[in-house]
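Residue strings, one per chain:
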Amino acid sequence: MALILDGRAAAAAIEERLAGRIAALKARGAAPGLALLRAGEDPASVVYVRAKERACARLGILSRTIVLPAEVGAPRLRETIERLNADAGVQGILLQLPLPGHLAQEELLGAIDPDKDVDGFHPLNLGRLALGEPGFVAATPLGILRLLQHYAIPLAGRHAVVLGRSRIVGRPLANLLSTRTDETDATVTLCHSRTRDLPALTRLADILVAAVGRARFVTAEMVKPGAVVVDVGMHAEPDPRRPGKDRLQGDVDFEAVEPRAAAITPVPGGVGPMTVVSLMENTVLAAERALERAAG
Ligand SMILES: NC(=O)c1ccc[n+]([C@@H]2O[C@H](COP(=O)([O-])OP(=O)(O)OC[C@H]3O[C@@H](n4cnc5c(N)ncnc54)[C@H](OP(=O)(O)O)[C@@H]3O)[C@@H](O)[C@H]2O)c1
């Protein structure tokens, strides 16, 4: 039986620690504020933004949600971002992805002030991470690291295999895990759709992270006995036990892989809550840095 890496419990423990930092900021008149910017009504995005609003409310972070119509033009979205960049009451800006197809995602992410880029998707912050310099680390990779830390799972010198090389998960995670710090220092293999003989590589993993975007992609034969398995995938599919309702499924075939693994994240309740709490952590960090800058 594998140890279940409970993201809800880990996130609750992190929230407790963040509460102290938020109280300290408020005592200095610098309550953290997060702007959540959404374009269109993509149902998953609506749910994710709501989860982020709720986390802000629990922690006493001021959140402001701005919803623009799906057909919004790039100039108006850019103008909204620039207004938030200039707003001293906002320390963090999140542009919910995916954007409607006609908008150039890279360009708009690049319009966010890097000091307020709490999602860590600005090229400057992605570059800082690649170089091992301080910046903002994208929320899902940071959440995965925090979850492994919560369960005292060592990374140094171990082989982490990351499936997927997206801007928001795989690529920054590979950089984060291989960064030279006592808490990371893993040897990382980054895999993608052109990788040859994927199972041969995944079977070498001490830590296997699946961010492929395909339900039940990772099967038992792909996992080394005793590996730590982190499932980033999220797929809504009809729940056979509750007709008319959906359930969430990950990129890992949990039932088949769990008996083989030393530890594994569930879906839901694994990486998802860690992503949200890491966004909160980045917002608090942004507010602390803004205060430091203001103090000169
Ligand atoms: N829990 C959370 O908080 C959270 C946050 C973000 C995302 N997610 C979920 O995580 C999953 C991944 O998201 P994403 O945005 O990173 O996905 P994405 O942008 O679609 O990227 C998927 C990656 O997987 C690779 N891939 C696809 N098929 C493959 C195959 N057969 N073999 C090996 N690699 C393959 C792709 O390779 P190429 O680059 O070659 O195309 C790509 O790099 C999704 O299910 C998403 O919903 C969850």
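What you see is a predicted model, and the numbers here were worked out from it, not measured in a lab.

### Description of the packing of helix α1 (residues 7-27) against helix α10 (residues 271-295)
Then comes step 1: Close contact between α1 and α10 brings their axes to 9 Å; oriented N to C, the two are set at 15 degrees. When the axes of α1 and α10 are compared, the pair comes out roughly parallel. As for the relative orientation of α1 and α10, their crossing is left-handed in sense. The residues of α10 that touch α1, namely those facing Gly7, Arg8, Ala10, Ala11, Ile14, Glu15, Leu18, Arg21, Ile22 and Leu25, are Val271, Gly272, Pro273, Met274, Val276, Val277, Met280, Glu281, Val284, Ala287, Glu288 and Leu291.
Then comes step 2: Among the residues making up the contact of α1 with α10, the classes are represented as 15 nonpolar, 2 polar and 5 charged.

### Points about the UniProt feature "domain: Tetrahydrofolate dehydrogenase/cyclohydrolase catalytic" (unreviewed entry) in the protein
Then comes step 1: Listed under "domain: Tetrahydrofolate dehydrogenase/cyclohydrolase catalytic" (unreviewed entry) in the UniProt record, and renumbered for this structure, are residues 5-119.
Then comes step 2: In residues 5-119, helix accounts for 49% and strand for 16%; the two terminal C-alpha atoms are 23 Å from one another.

### Overview of the sheet that holds strand β2 (residues 33-39)
Across a sheet, strands are paired by hydrogen bonds formed along the backbone, either parallel or antiparallel in direction.
Then comes step 1: One open sheet holds the 3 strands; their spatial order is β3-β2-β4, and the pairing between them is parallel. Looking along the sheet, the strands with just one partner apiece sit at the ends: β3 (62-68) and β4 (92-95). Along the sheet, successive strands turn relative to each other by an average axial angle of 15 degrees, direction set aside.
Then comes step 2: Note that β2 and β4 share 4 bridges and pair parallel. Looking at the pairing, Leu34 lines up with Gly92 of β4.
Then comes step 3: Across the sheet, helix α3 (residues 74-86) lies against β2, β3 and β4, angled at about 165 degrees from β3, the strand it touches most.

Definitions and cut-offs
Residues numbered from 1 in each chain as written. Predicted model: local features only at pLDDT ≥ 70, side-chain atom pairs only at ≥ 80, totals over all residues. Axes fitted to C-alpha atoms, helices over the stretch in contact; angles between N-to-C directions. Helix = DSSP H or I, 4+ residues; strand = E, 2+ residues; numbered from the N terminus. Parallel < 35°, antiparallel > 145°, perpendicular 65-115°, else oblique. Left-handed = near helix turned anticlockwise from the far one by under 90°. Contact = placed C-beta atoms within 7 Å. Nonpolar A, V, L, I, M, F, W, Y, C, P; charged D, E, K, R; others polar. UniProt positions renumbered as here; feature names shortened; annotations may be inferred. Pairing = 2+ DSSP bridges.

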